[in-house]
Structure formats: structure tokens, C-alpha cells
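A closer look at the structure
Now for the letters of each chain:
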Amino acid sequence: MSVRVRYAPSPTGYQHIGGARTALFNYFFACSMGGQFLLRVEDTDQGRYFDEALQDLYETLDWLGITYDEGPQKDGAYGPYVQSERSDLYREYAQKLIDSGHAYYCYCSASRLERIRKIQEANGMAPGYDRHCRDLSEAERQELDKECPHPVIRFKIPIDGAVTVHDELLGDITRECKDINPDPILMKSDNLPTYHLANVIDDHLMKITHVLRAQEWVPSAPLHALLYQAFGWDMPKLCHLPMVLGQDGQKLSKRHGATSVREFRAKGYLPEAIVNYISLLGWSLDDSTEFFTLDELCKVFTLQRLNKAPAVFDYKKLDWFNGMYLRKLSHEELLGQCMPFLLESGLIKEPVGKEITDLLLQAMPLIQERMHYLSDAPQLLAFLFNRPEQYDIACAIPKKMELPAVMPILPAAIEIFSHLDAKNDEELEQECRSKADALGVKIGQFLQPVRVALTGSTVSPPLFGSMRLLGKEESLVRMRNLQGTLEKQTS
Ligand code: GLU
Ligand code: ZN
């Protein structure tokens, strides 16, 4: 039987990086086994529904390069793949459980449930439904139906015995039935199923063979096993993925940094870097291989190489991957990736003409080595488009120097760089060094005011290259401008 797995997110928020990991591992597993990968939207909790979540889900999968064989926008033989479009099915199957004596109607009001909760609390008992409606007679039921036409349906957890589920990673998990929260709701009064019922029915009907999901669902597995038993169905194989923690050992959250894929994307991470880094969250091929493309992962991924121990999300390591991937891009590719950020920042406007495109393309080699994120591009390239209007004098004065000693630097630099077009970088550098020596300053000190003059900042792309892009005249204008500012300061 060929492998069929699914990613089954609930659209309650933006796609979390942990969810993306679940999606990717399912996807890798499916392709490595020559199986199918499904996307199923679990949206039966209408109260928690979040409008933009679906759009975000599709965009995220697309951006990461994950394609699915069956799902909401790609119908297969087992659709629809959005649970809210399947409610009749769930009702039908809930009815089967009622008919077979595995489920029952519960008419308890919210106030009654609240009352028993308080009593349980006062007596130090575990909270849970008291199975009040479990053994109602048919006559009692009909009477209650009149007062409460929309009862919920609850599942009969066996009073005795135990369930064991096998997890491919964690081994056997056994739970005493008495320790399972009594009689969970399967169908709510709004006629929609709860997660447990819908999830089990869909995994069965969609012929899912393996459930790879987050470890937070381990406690639900025994209940699911009981549901499968009640329906008389085989349970798919289970594999709960290692947790993803922040460096402090807590569940990864906002406190640690970006958590939604869209935040990473907005910050300027490349999808290749995200995919590569995520693939190592709880999985490895061996002790040394670090670089993987999506296609490679589709070939080499195995459940056997999952780790039991929780994975720690290391933002620095992700940044490192991002840098590596940024440097692998051709200049054309890099520009293509930077373009949305440059437009978004307002540095350039659409339509971007050929002249600007060429200029930017020539600038790519200058910034490629210095970028951590694509979002660094606008700041690194701003000098190409904006002549600094005013200067921060403090920036222009190198460490351990005073203004008077800085004054001769720019006139000397102006003299040297007036030959910009006639000399190569080595020659220019040599001249700068000799001049710096003559002035008794270090080369870094000599070039600092020049850099500030051109870009307004002490950090910039390589100086000579930047100057060539700006052009000799513009570069000299900027040096004179800063010199003017410095002179005003001394007069
Ligand atoms: N809808 C559940 C979630 O949001 C799916 C859990 C599962 O994969 O069974 O995580
Ligand atoms: Zn009840």
C-alpha cells in the first residue's frame, strides 16, 4: 500500500514555523516513499477561525516550495479537503456510533456543567463530565429532546481497561481508560464535529497511512485509538515529531523571536534557508551533512533518522544558513529576491527602468557578502539613490582622532579620487595608503570620512566599488559637501 500522509492545520493564525516543519516532514516522507501528500484544512472550530489564515497557509506552502497531491485547491478522489464542507459526513458517522452504542446524546446545560465543575474543584477531584446522560432511557431522551433540540454527542470512553497506541518514534504509549477525560464531545450543538471526530473520520476516509504531527497531540492518541476501535477501522501509523523549543527550553514563542513563516519571509530569509534549517529540527541524515535542498530532502528523508530529543531553534544558525544561501545566488537571482524589498522601502519605484536595473545589478556583488537578510538591501543601497543631505559629524571623525586632524583628509582624498576613472582599485588604494602615512593616520581612519561622505554612514559596501557606481562627479560632490560641513564646524 502506498504511503499517504497529510498536513492538517487549523486556520487559527498565521503559519507557525513549527507547523511548517510538520508540513515539510510529511511532504519529505511522502516523496521519499513515492507516496502522496495531502493538505486538509481543519476548520471546524468556527470560534477560533481567523480570516487571513487560509490565504497565509497557501502562500506559505507555495513560498516554501511544498506542493500537495490532493487538497483544497487541487481536488482528488477523497475531497472536499476542507472540513467545514464535510459536516454531513461527520453527522452520519456520529450517528453510526450512536447506533452501535459507542456514543450518546448529552443534554446538559452549560450551567449544569459549570456546577459540577465547581463541585469537583471544591472536592479536589479531576475536572470532567460526570456521564450524567450516558445511560438515559429512550423515554427520558425523548422528553429532553423537546426542551433541548440540539444536544451534543459524546463518546463513551470505556469504564475499565486500557489502550495502547504505538508511536513509530516514541514506542508504545499506554493509557488506562479511567485516566482519559470522560466522554469527550464528538459533535457540538452547532452541528459541527470536534477535532477528534473529524480528524479520525477524515484520516480513515482519506486513506491516510501515517500520521506525522506535533507532540502536543500525543495525549489525544489514546482517544483516537478508541474511536478507531469503535468504528472498527485500522488506525494509521503514528509518529509524533520532536518538539521545537527556544534556547531556554521553553516552547518556541514570540519571546524568542519570529515564529510565523510570514515574519521570517518579511525579514528577508530565503525559503531555501528556512527549508534547510527546519529540516534539521529533529532530523539529521548523519553527523555531518548540513546542506540540503528540498529535492534532496525528498530523497533522503526517513523516519528512522528522527530524534527523540526536542529540537532547539537556533536563530543564529538560521541566520548563518541564510547568509550561505544568499551568497549562492547569482547576481540576477539576488536582485530578483531583493526587488520586493527595494520597492517596499520606497527606494525605487515601479516600473523599474533598464538603467536602474543595470545599476542595481552592478551593485549586487558589492552587497552580497554583507547581507544577512534580503531586508538589508535597501539600507545598503540607499546611497546610490540619495545624496546625504546632512552629515553626522561624529561619524566622520574616526576613533582616537580630533576634528583638526581630520580636516586634511578629505581634500587629499578628493585629489586622489579625481583620478577615479583612470586608475584601478590597487593603484587608488596604494595612493590612499601613502597619503594616510604622510598624514600620520591609519588607512581605516583615512577612508572613514570618505565613506561617510558617500553614504552618510560608517558602514557601507566596499568603498571603491561604491564610488565607481556613484560616478566620479557625484562622489566628489559628496566629499566636498562633507568637507564644507566640517569647515563650518571649525570656523
Ligand atoms: N488540526 C490539528 C492541528 O492544528 C491537526 C493535528 C493532527 O495532525 O492530527 O494541529
Ligand atoms: Zn449530559
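Note that the coordinates shown come from a computational prediction; the quantities given were computed from them, not determined experimentally.

**Description of the overall build of the protein**
When helices and strands are counted, the protein shows 21 helices and 11 strands. The C-alpha radius of gyration of the protein comes to 32 Å, more than 25% above the 23 Å expected for a compact globule of 491 residues. Across its three principal axes, the protein shows a C-alpha extent of roughly 105 × 50 × 40 Å. Just so you have it, the protein exposes about 24000 Å², and 50% of that area is on carbon and sulfur atoms. Within the protein, the 68 negative side-chain charges are centred at a point lying 3 Å from the centre of the 54 positive side-chain charges.

**Side note on the state of the cysteines**
If you walk through the whole model with that rule in mind, you get 0 disulfides. Sulfur of Cys177: no disulfide; nearest cysteine sulfur belongs to Cys106 and is 20 Å away. Taking relative accessible area as the criterion, Cys177 reaches 3% and is therefore assigned buried.

**Comments concerning the pattern of salt bridges**
Considering all chains together, one arrives at 26 salt bridges under this definition. Between Asp358 and Lys354 there is a salt bridge whose closest N-O contact spans 2.7 Å. Here Asp358 and its partner Lys354 are both found in helix α13 (residues 354-368), 4 residues apart, which amounts to about one turn of the helix. For Lys354, a relative accessible area of 61% gives the class exposed. Ionic contacts of the salt-bridge type, sharing partners, join the residues Arg6, Arg40, Glu42, Arg86, Asp202 and Asp203 into one network.

**Brief notes about the site of ligand 1**
Around ligand 1, the neighbouring residues are Arg6, Ala8, Ser10, Glu42, Tyr195, Asn199, Arg213 and Trp217. With respect to ligand 1, the backbone of Ala8 contributes an N or O atom lying 2.8 Å from a nitrogen atom. Note that an oxygen atom of ligand 1 is positioned 3.2 Å from one of the side-chain N or O atoms of Trp217. Compared with its free state, where it exposes 290 Å², ligand 1 has 84% of that area covered by protein. Using a 2 Å cut-off from the grid points, one finds that ligand 1 occupies the largest pocket.

**As for the environment of Asp69**
If you trace the backbone, Asp69 turns up in the loop between α2 (53-64) and α3 (87-99). Classification of Asp69 by relative accessible area gives partly exposed; the value is 37%. Distance from Asp69 to Gly35, taken between C-alpha atoms, is 9.3 Å for residues 34 residues apart in sequence. The contacts of Asp69, once residues within four sequence positions are left out, are Gly35, Gln36, Phe37 and Lys74.

**Some words on the coordination of the zinc ion (ligand 2)**
The coordination sphere of the zinc ion (ligand 2), as far as protein atoms go, consists of Cys106 (SG), Cys108 (SG), Tyr129 (OH) and Cys133 (SG), spread over 2.0 to 2.3 Å. Classification of the site at the zinc ion (ligand 2) as tetrahedral follows from its 4 donor atoms and the range of 100 to 124° in their angles at the metal. Written as a sequence motif, the donor residues of the zinc ion (ligand 2) are C-x1-C-x20-Y-x3-C. On the criterion of sequence distance, the pair formed by Cys108 in the loop between β3 (103-106) and α4 (110-122) and Cys133 in the loop between α4 and α5 (138-147) is long-range, its members being 25 residues apart. Residue class for Cys108 comes out buried when judged on its relative accessible area of 15%. Relative accessible area serves as the criterion here: at 4%, Cys133 is assigned to the buried category.

**Here we look at the layout of surface pockets**
The volume enclosed by the largest pocket comes to roughly 1000 Å³. What lines the largest pocket is a set of 37 residues, and nearest its centre among them are Gly19, Thr22, Ala214, Glu216 and Trp217. At the level of elements, β1 (4-7), α1 (17-32), α6 (195-205) and β8 (210-214) are the ones that each hand at least two residues to the lining of the largest pocket. Sorting elements by how many residues they give to the lining of the largest pocket places α1 first, with 5 residues. A per-class count over the lining of the largest pocket returns 13 nonpolar, 14 polar and 10 charged. Approximately 250 Å³ is the volume found for the second largest pocket. If you go around the second largest pocket, you meet 13 residues; those closest to its centre are Met1, Ile208, Thr209, Asp234 and Pro236. Of the residues assigned to the lining of the second largest pocket, the class counts are 6 nonpolar, 3 polar and 4 charged.

**Comments concerning α1**
Its 16 residues place the ends of α1 22 Å apart at the C-alpha level, agreeing with the 22 Å of an ideal helix rising 1.5 Å per residue. The element α1 is largely enclosed, with a buried count of 14 among its 16 residues. Of the residues flanking the end of α1, it is Gly34, one or two places downstream, whose phi is positive at about 65°.

**So, the pairing of β3**
Here β3 shows no split at all, with Ala103 and Tyr105 on one side and Tyr104 and Cys106 on the other all buried. Here 4 bridges tie β3 to strand β4 (residues 152-155), and the two strands are oriented antiparallel to one another. Bridged to Ala103 within β4 is Phe155.

**Observations concerning the sheet that holds β4**
Strand pairing in a sheet takes place through backbone hydrogen bonds and is either antiparallel or parallel in direction. Taken in spatial order, the 3 strands make up an open sheet running β3-β4-β7, and their pairing is antiparallel. Sheet topology places β3 and β7 (185-187) at the edges, where each strand pairs with a single neighbour. Neighbour-to-neighbour, the strand axes of the sheet open up by a mean angle of 45°, direction not taken into account.

**Considering the packing of helix α9 (residues 271-279) against helix α11 (residues 315-328)**
One can describe the packing of α9 onto α11 by two numbers: an axis separation of 8 Å at closest approach and a directional angle of 135°. If you check the angle between α9 and α11, you find them oblique. Helix-helix and strand crossings are classified by hand; for α9 and α11 the assignment is right-handed. For the pair formed by α9 and α11, the contact residues are Glu272, Ala273, Ile274, Asn276 and Tyr277 on the first element and Lys317, Leu318, Phe321, Asn322 and Tyr325 on the second. Taken together, the residues that form the contact of α9 with α11 break down as 6 nonpolar, 2 polar and 2 charged.

Calculation criteria
Residues numbered from 1 in each chain as written. Chains lettered and ligands numbered in written order. Predicted model: local features only at pLDDT ≥ 70, side-chain atom pairs only at ≥ 80, totals over all residues. Heavy atoms only, no water. Helix = DSSP H or I, 4+ residues; strand = E, 2+ residues; numbered from the N terminus. Rg over C-alpha atoms; globule rule 2.2 N^0.38 Å. Areas by Shrake-Rupley, 256 points an atom, 1.4 Å probe, with all protein chains shown as cover. Lys, Arg positive; Asp, Glu negative; His and termini not counted. Charge placed at Lys NZ, Arg CZ, Asp CG, Glu CD. Disulfide = S-S within 2.5 Å. Buried < 20%, exposed > 50% of the residue type's maximum accessible area, 1.4 Å probe, protein only. Salt bridge = Lys/Arg side-chain N within 4 Å of Asp/Glu carboxyl O. Near = heavy atom within 4 Å. Polar contact = N/O pair within 3.5 Å; in protein donor to acceptor, adjacent residues only side chain to side chain. 1 Å grid on protein atoms, 1.4 Å probe; cavity = no way out; pocket = protein on both sides within 12 Å on 5 of 7 lines; lining within 4 Å. Sits in = over half its atoms within 2 Å of the grid points. Contact = heavy atoms within 4.5 Å. Donors = N, O, S within 2.8 Å, 3.2 Å for Na, K, Ca; no water. Tetrahedral: all angles 85-135°; square planar, octahedral: opposite > 155°, others 65-115°. Points joined across faces, edges and corners; volume = space filled by probe spheres on them. Nonpolar A, V, L, I, M, F, W, Y, C, P; charged D, E, K, R; others polar. Expected span 1.5 Å × (residues − 1). Pairing = 2+ DSSP bridges. Axes fitted to C-alpha atoms, helices over the stretch in contact; angles between N-to-C directions. Parallel < 35°, antiparallel > 145°, perpendicular 65-115°, else oblique. Left-handed = near helix turned anticlockwise from the far one by under 90°.

Note that all results are geometric; they support no functional claim without further evidence.
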